[in-house]
Amino acid sequence: MDPEYASVNGRKRPQRPQRTHREVADELRARIRSGELRPGQRMPTQAKLADEFGVERGAVRQALRILQSEQLLTNVAKGAPATVAGHPGGAPTGPEAPPRPTTAALAPRVAAAFEAEHVEIDSVCLTTASLTLAIGEPLRRIHAGRMKPAKVDVRVLLPGRDIDLAFPVAVEDSGHGRGGGRDGGRGEDPVHERWLAMRNAQGQVLRHHLLALRATHGIDVRVTFRALPFTPPVKLYLLNGVEALFAYYTLSRGEDRIGEENVQTYDAQGSRSALFAFERDAGVRDGAFVTQSRLWFDALWETISSELRLTR
């Protein structure tokens, strides 16, 4: 047997129930991280991996694509051996990964989530700017014919249009400036109006691009928004019920040009927020976090949230 295509770890095929594609990805990821699979080394063929893990080739392909989205593998193609990336340990992902800015961390996880037959994404955020950007890569793969989920369900919780936001807010209206705080009435609030315009525009783009998959690829898509009666202090993304990505909104003071004025504001740069990843099968604590995050989201969705309109 050509050693280039030898069993990944030299062990006999395990005699146990068929694994999921995520379990295969987890095992291969661990071997790459440990150095058992070295940078530049070619993987066994998909047929050999399927035989070793006792799964169908489709599950192997899904596992390899997940690792490719995490930049751990290159040259992943149908039927051809993939290659371990040159520096797989440089930017770890998954349970061992340190938090990274939302823009860098969210996109590969959303792309991996779209490998599932039924994609489920739930999100709590201030606007959908980061999620809209992250959706771009799986959309490109779908249009290129590299993936095709059968169903996509997206649920998003956003602050309601008429609430007094905790942020973004003008410094003079926050209680820390000369205004001494608000008394419940916004009046003319250009900071709020700018946020509302961004909330609506980003949400409309997200909905449009996803719903277009119905006509172009026959994918069953549902995108639903609901309004919260408060400003979420954190952002949360739940992916297929198996991953929770969590970040704090950290406020800072800055100056923005709004209309004809320079306005001092308290705001959060959500795209820079450090995103922490939790996986259901990564241990008791991670699993509990994913479960409780889903319960929290569902409770908000089914109780105090209300219909949301992405219009003025």
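Residues numbered from 1 in each chain as written. Predicted model: local features only at pLDDT ≥ 70, side-chain atom pairs only at ≥ 80, totals over all residues. Heavy atoms only, no water.

Caption draft 1: Molecular detail of the pairing of strand β5 (residues 151–159). With eight of nine residues buried, β5 is to be regarded as a mostly interior element. Where strand β4 (residues 118–124) lies against β5, seven bridges are found, and the strand directions are parallel. Along β5, the bridge assignment pairs Val-124 with Leu-157. (Buried < 20%, exposed > 50% of the residue type's maximum accessible area, 1.4 Å probe, protein only. Helix = DSSP H or I, 4+ residues; strand = E, 2+ residues; numbered from the N terminus. Pairing = 2+ DSSP bridges.)

Caption draft 2: How the structure looks around helix α6 (residues 136–143). Of all the residues in α6, the buried ones are Gly-136, Pro-138, Leu-139, Arg-141 and Ile-142. Taken together, the buried residues of α6 touch α3 (57–69), α4 (102–113), α5 (129–134) and α7 (190–217). Following α6 by one or two positions, Gly-145 adopts a phi angle in the positive range, close to 80°. (Contact = heavy atoms within 4.5 Å.)

Caption draft 3: Just the sheet that holds strand β10 (residues 251–258), in detail. Strand order in this open sheet of three strands is β6-β11-β10, and the pairing throughout is antiparallel. Looking along the sheet, the strands with just one partner apiece sit at the ends: β6 (169–170) and β10. Sheet topology note: the β10/strand β11 (residues 261–268) ladder contains eight bridges and is antiparallel. Paired with Arg-257 across the bridge in β11 is Asn-262. The strands touched by α7 are β6, β10 and β11; relative to β10, the strand with the most contacts, the crossing angle is about 90°. (Axes fitted to C-alpha atoms, helices over the stretch in contact; angles between N-to-C directions.)

Caption draft 4: How the structure looks around the confidence of the model for the chain. Of all residues in the chain, 85% attain a pLDDT of 70 or more, and the chain-wide mean is 85. Overall, residues 177–185 carries pLDDT values under 50, and its contacts beyond four positions in sequence, including any with other chains, amount to 16 contacts. (pLDDT = per-residue confidence, 0-100.)

Caption draft 5: Summary view of unusual backbone geometry. For the peptide bond that leads from Phe-167 to Pro-168, omega is -5°, which places it in the cis range. Note on placement: Pro-168 falls in the loop between β5 and β6. Positive phi values are uncommon outside glycine, yet Asn-240 reaches one of about 55°. With respect to the helices, strands and loops of the structure, Asn-240 is situated in the loop between β8 (234–239) and β9 (243–248).

Caption draft 6: Structural view of the pattern of salt bridges. Across all of its chains, the model carries 15 salt bridges by this definition. A salt bridge links Arg-31 to Glu-27; its shortest N-O distance comes to 2.7 Å. Residue Arg-31 and its partner Glu-27 are located together in helix α1 (residues 21–34), separated by four residues, close to a single helical turn. Arg-31 gets classed as buried once you look at its relative accessible area, which sits at 4%. Across the salt bridge formed by Asp-256 and Arg-194, the nearest N and O atoms sit 3.0 Å from each other. On the criterion of sequence distance, the pair formed by Asp-256 in strand β10 and Arg-194 in helix α7 is long-range, its members being 62 residues apart. Salt bridges here are not isolated pairs; linked through shared partners, they connect Arg-65, Glu-115, Glu-137, Arg-140 and Arg-141. (Salt bridge = Lys/Arg side-chain N within 4 Å of Asp/Glu carboxyl O.)

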